[in-house]
Amino acid sequence: MGHYGQVAPVRSSADGPGPASRAGRAVGRALHLPITGTVRGIRRATHAHGAGESGLGKLIELHAINGAGDVMITVALASTVFFSVPTDEARGRVALYLAITMAPFTLLAPVIGPLLDRLPHGRRAAMAAAMLARALLAVMMSGAVATGGLELYPAALGVLVASKAYGVVRSAVVPRLLPPKFSLVKANSRVTLAGLLATGAAAPVGAGLQAIGPPWPLYGACAIFIWGTFAAFTLPHKVDEAKGERRARLSTHEAHSRKPGLRTISRPVLCGLLANAAMRGLSGFLIFFLAFLLREHPLGGQSAAVSLGIVGVAAGVGNAAGTAVGAWLRARAPETIIAAVLAVTLGVAVLAAVFFSGLFVAVLGATAGFCQALAKLSLDAMIQRDVPEAVRTSAFARSETLLQMAWVLGGGIGIVLPLNGVLGMSVAAAIVATGTLMAFRGALTTAHHPSSSHPRVA
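Note that this is a predicted model, so its numbers are computed, not measured.

The rules behind each value
- Residues numbered from 1 in each chain as written.
- Predicted model: local features only at pLDDT ≥ 70, side-chain atom pairs only at ≥ 80, totals over all residues.
- Heavy atoms only, no water.
- Helix = DSSP H or I, 4+ residues; strand = E, 2+ residues; numbered from the N terminus.
- Contact = heavy atoms within 4.5 Å.
- pLDDT = per-residue confidence, 0-100.
- Phe/Tyr/Trp six-rings, centres within 6.5 Å; stacked < 30°, edge-to-face > 60°.
- Buried < 20%, exposed > 50% of the residue type's maximum accessible area, 1.4 Å probe, protein only.
- Salt bridge = Lys/Arg side-chain N within 4 Å of Asp/Glu carboxyl O.
- Expected span 1.5 Å × (residues − 1).
- Patch = residues over 30% accessible without salt bridge, like charges linked within 9 Å, V, L, I, M, F, W, Y side chains within 5 Å.
- Areas by Shrake-Rupley, 256 points an atom, 1.4 Å probe, with all protein chains shown as cover.
- Axes fitted to C-alpha atoms, helices over the stretch in contact; angles between N-to-C directions.
- Parallel < 35°, antiparallel > 145°, perpendicular 65-115°, else oblique.
- Left-handed = near helix turned anticlockwise from the far one by under 90°.
- Nonpolar A, V, L, I, M, F, W, Y, C, P; charged D, E, K, R; others polar.

Q: So what exactly am I meant to see when it comes to the overall build of the protein chain here?
A: The secondary structure content of the protein chain amounts to 16 helices and zero strands. Considering only contacts in the protein chain between residues 6 or more positions apart, those separated by 24 or more positions represent 84%.

Q: What is the right way to read the confidence of the model for the protein chain from this model?
A: Close inspection of predicted coordinates is inappropriate for parts of the model with low pLDDT. Looking at the protein chain, the pLDDT average stands at 75 and 67% of residues meet or exceed 70. Across residues 30–39, where pLDDT falls below 50, the model places zero contacts with residues more than four positions away in sequence or in other chains. Long-range and interchain partners of residues 244–263, a stretch whose pLDDT sits below 50, account for 39 contacts in this model, where long-range means more than four residues apart.

Q: Please clarify how the packing of aromatic side chains should be interpreted in this entry.
A: The description of two aromatic rings rests on the distance between their centres and on the angle between their planes. Tallied over the full model, the rule gives four aromatic pairs. Seen from their ring centres, W216 and Y219 are 5.2 Å apart, and the 85° between their planes marks the pair as edge-to-face. Within this pair, W216 and its partner Y219 are both found in helix α9 (residues 216–232), separated by three residues, close to a single helical turn. By relative accessible area, which is 38% here, Y219 ends up partly exposed. An angle of 10° between the planes, with centres 5.2 Å apart, marks the rings of F285 and F289 as stacked. Taken together, the residues span about one helical turn, with F285 and F289 both in helix α11 (residues 267–296) at a distance of four residues. An identical accessibility class is assigned to F285 and F289; each is buried.

Q: What exactly am I supposed to notice about the side chain of S399 here?
A: You can see S399 is positioned in helix α15 (residues 392–416). For S399, a relative accessible area of 4% translates into the label buried. In contact with S399, other than residues within four places in its own chain, are L273 and I383.

Q: Which parts of the structure should I look at to understand the pattern of salt bridges?
A: Pairing between side chains becomes possible if they bear opposite charge and their charged atoms approach one another. All told, the structure shown has two salt bridges when counted by the stated rule. Ionic pairing is found between R134 and D70, a salt bridge with its closest N-O pair at 3.0 Å. Pair noted here: R134 is in helix α6 (residues 123–142) and D70 is in helix α4 (residues 56–83), with a separation of 64 residues, a long-range link. For D380, the salt bridge goes to K376, with nearest N and O atoms at 2.7 Å. Of this pair, D380 and K376 both sit in helix α14 (residues 358–386), four residues apart, which is roughly one turn of the helix.

Q: What is the right way to read α14 from this model?
A: Along an α-helix, residues three or four positions apart point the same way, because every turn accommodates 3.6 residues. Here α14 is 29 residues long and its end C-alpha atoms lie 42 Å apart, about the 42 Å a rise of 1.5 Å per residue gives. Burial runs high along α14: 22 of the 29 residues are buried.

Q: Looking at this structure, how should I read the environment of G358?
A: Mapping G358 onto the fold places it in helix α14. The exposure class of G358 is partly exposed, given its relative accessible area of 28%. Placed 48 residues apart in sequence, G358 and I310 show a C-alpha to C-alpha distance of 9.7 Å.

Q: Help me understand a nonpolar patch on the surface in this model?
A: Taken together, V350, L351, V354 and F355 make up a surface patch of nonpolar side chains, about 360 Å² in accessible area. In this structure, F355 sits in the loop between α13 (334–354) and α14.

Q: I'm lost on the packing of α11 against α13 in this one. Help?
A: In a packed pair of helices, the relevant descriptors are the angle between the two axes and the axis-to-axis distance. Contact pair α11 / α13: the axes reach a minimum separation of 10 Å and the direction vectors enclose 30°. In terms of orientation, α11 lies roughly parallel with respect to α13. By crossing handedness, the relation of α11 to α13 is classed as left-handed. Packed against α11, whose contacting residues are P268, G272, A275, N276, M279 and L282, the element α13 presents E335, I338, L342 and T345 at the interface. Here the residues of the contact of α11 with α13 sort into six nonpolar, three polar and one charged.

Q: Before we go on, may I ask you to explain α13 in this structure?
A: The terminal C-alpha atoms of α13 lie 31 Å apart, and with 21 residues this matches the ideal 30 Å at 1.5 Å per residue to within 8%. The set of residues buried in α13 consists of P334, E335, I337, I338, A339, V341, L342, T345, V348, A349, A352 and A353.

Q: Which parts of the structure should I look at to understand the environment of S171?
A: Looking at the secondary structure, you find S171 in helix α7 (residues 152–173). Judged by its relative accessible area of 3%, S171 falls in the buried class. It is 7.2 Å that separates the C-alpha atoms of S171 and F396, two residues lying 225 residues apart in sequence.

Q: Before we go on, may I ask you to explain the environment of G69 in this structure?
A: Of note, G69 is situated in helix α4. If near-sequence neighbours (up to four positions away) are discounted, G69 is found in contact with A221, I224 and F225.

Q: Is there a simple way to think about the side chain of N276 in this case?
A: Here N276 is to be found in helix α11. What N276 contacts, discounting residues up to four positions off in sequence, is I338, A375, K376, L379 and L403.

Below is the structure:
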């Protein structure tokens, strides 16, 4: 009986929680609900309109993780390469960064597509490997980020290559996860917008970690990319299916073999690619030219940091708005969209050169961000529409390489150009003008010869 008498009080206390226990549970629920409610809201948004059933929702979430990790690394590098030194030294450091990091990247990037073409069954593994590689490289960079030593640059190159490999595979995967009644532009914009929103949310977190110490944003990036490594394997298995695909042939005899090759491209796609290259060159130019110009000549009544922030926010809001608009477009004529947004950008650039002021600089930044987003979404849709799936990954790799080279070229011009606002905006207008000509050529080709939008083998 004594044994039972010892057990009874224990059961009584377990079955009847006191006021403190009930209060603790209430507090737990109060703290838990906002988090779970937010997660459920995000999941409903990413999985809406059939995206959950098709698997596109999972890709949207994965791209958000990718954007958050990338911005953490960007915050760490920007603080080391640009903000921590005087303007003249910063120009030298940025030029060194472009030379050591981007130049080898332009040589390596064309290899990415053909390699990934040979792994049609391993697309999820390829994206996971790109995430894991960046997690490890972020840890490697954490030791050198405080000093800005040369050992930082090879790791940054590795991050770029891994990031581009992920981006190429992601672009090739989107058509496989397309929900019913979804256009390619709409799907691409959904994915891109998720990345932009995650970037905007993670940027202040990265800045807060930077305040703790230079390595901390990189530690945050490592954690995020490890999360992404596991998230990549939650994509549907159909991402790895290769039914009907053939390996890309790298010879110049595709026409005789009747097998699709890397030279399979329509004239509108080529014109759209060159137009996008002009927009990407404009982006690189504005980033570097305005970064140095506003350090020396801030917007009226503002500090250099606030001036940079105003233009940066304007460009970011424009980019997000362009991506959001793309989500609602059916994009039946992506060539027309590219021509239209290039013409708008050219008009604003000319106005900024003629009536140079802080207001027009901010407006140009917002316009360039908006139009670049729409132009890139339209180009992706054209490649996904016109290029055979067997070599689509290579096509994305080649196009991304050209766009990256255009960004580097534009950035280089922005670094060496004298810090004169009118001159800078005139150069910006000239860059956009070249792309506008190509955009209208592609649109006119499609209008007069609709069959030219179909793939052809050269």
